[in-house]
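Breakdown of the fold
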Amino acid sequence: MSSANDLSLQKKMENIFHNTCGTWQNCTESNIQSFLEQCQEHNIDSQYCMSWVEQHKSQIPDWQVVSKVSLDWINQHTSTGSPISFTE
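What you see is a predicted model; the values in this text were computed from it and never measured. (Residues numbered from 1 in each chain as written. Predicted model: local features only at pLDDT ≥ 70, side-chain atom pairs only at ≥ 80, totals over all residues. Heavy atoms only, no water.)

1. Quick notes on the overall build of the chain
Convention followed: A helix here means a DSSP run of H or I that spans at least four residues, while a strand means a run of E at least two residues long, and both kinds are numbered starting from the N terminus. Remark: exposure states derive from per-residue accessible area (1.4 Å probe, protein chains only) relative to the maximum for the residue type, with buried under 20%, exposed over 50%, and partly exposed in between. By definition in these notes, contact holds between two residues if any of their heavy atoms fall within 4.5 Å. Areas reported here follow the Shrake-Rupley algorithm with a probe of radius 1.4 Å; residue values treat only the protein chains shown as occluding.
Of regular secondary structure, the chain possesses four helices and two strands. Helices (α) and strands (β) of the chain occur, in sequence order from the N terminus, as α-α-α-α-β-β. Burial statistics for the chain: of 88 residues in total, 33% are counted as buried. Contacts in the chain between residues far apart in sequence, at least 24 positions, make up 58% of those at least 6 positions apart. Within the structure as shown, the chain displays about 5600 Å² of accessible surface, and the carbon and sulfur contribution to it stands at 49%.

So this is what it looks like as structure tokens:
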């Protein structure tokens, strides 16, 4: 993957974050799930998205809760880090 692709992926992910959570301070357990769902819809790896969010955890008020909810969501929607097929 070239850095141009990484950049557009990062930009797309940031846009999704701004649409779902808005700001780091406004990042909650409910809107982090919307963020992850939309990332998945745009074929952006949810673990990639969460590692980006985690870089800003000091700015997220309920990080422990948000982190746990995200991990639970990722575990439910992915298997060993790859998107699940449509058979649920």
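2. Observations concerning the nonpolar core
For soluble globular proteins, nonpolar side chains are generally found buried alongside one another. Quick note on the threshold: What makes a nonpolar core is a set of buried Ala, Val, Leu, Ile, Met, Phe, Trp, Tyr and Cys residues whose side-chain atoms join them at distances within 4.5 Å.
Counting 22 residues, the largest nonpolar core has F17, I32, F35 and V53 as the members making the most contacts within it. Secondary-structure elements contributing two or more residues to this core are α1 (3-20), α2 (29-41), α3 (46-54) and α4 (63-77). A per-element tally of this core places α4 first, with five residues. Those residues in contact with F17 that lie beyond four places of it in its chain are G22, T23, W24, C27, F35, W52 and V53.

3. Structural notes on the side chain of S70
If you trace the backbone, S70 turns up in helix α4. For S70, the contacting residues outside a window of four places in its chain are I32, L36 and M50.

4. Observations concerning the confidence of the model for the chain
Low pLDDT means the predicted coordinates in that region are not meant to be read closely. What counts here: pLDDT expresses, on a scale from 0 to 100, how confident the predictor is about each individual residue.
Per-residue pLDDT for the chain has a mean of 87; in total, 85% of the residues score no lower than 70. The element-level mean pLDDT for the chain is lowest in strand β2 (residues 82-83), coming to 50, with α2 highest at 96. The model gives residues 84-88 a pLDDT under 50, and that stretch makes four contacts with residues more than four places away or in other chains.

5. Let's talk about the pattern of salt bridges
As a reminder, the rule being used: By salt bridge we mean one thing: a side-chain nitrogen of Lys or Arg within 4 Å of a carboxyl oxygen of Asp or Glu.
Inspection of every chain in the model, using the stated rule, returns two salt bridges. E14 is the partner of K11 in a salt bridge, and the nearest nitrogen-oxygen pair spans 3.8 Å. Placement of both K11 and E14 in helix α1 is noted, with a separation of three residues, approximately one turn of the helix. K11 gets classed as partly exposed once you look at its relative accessible area, which sits at 47%. Across the salt bridge formed by D72 and K68, the nearest N and O atoms sit 2.8 Å from each other. Taken together, the residues D72 and K68, both in helix α4 and four residues apart, mark about one turn of the helix. Look at K68 and you get exposed, because its relative accessible area is 52%.

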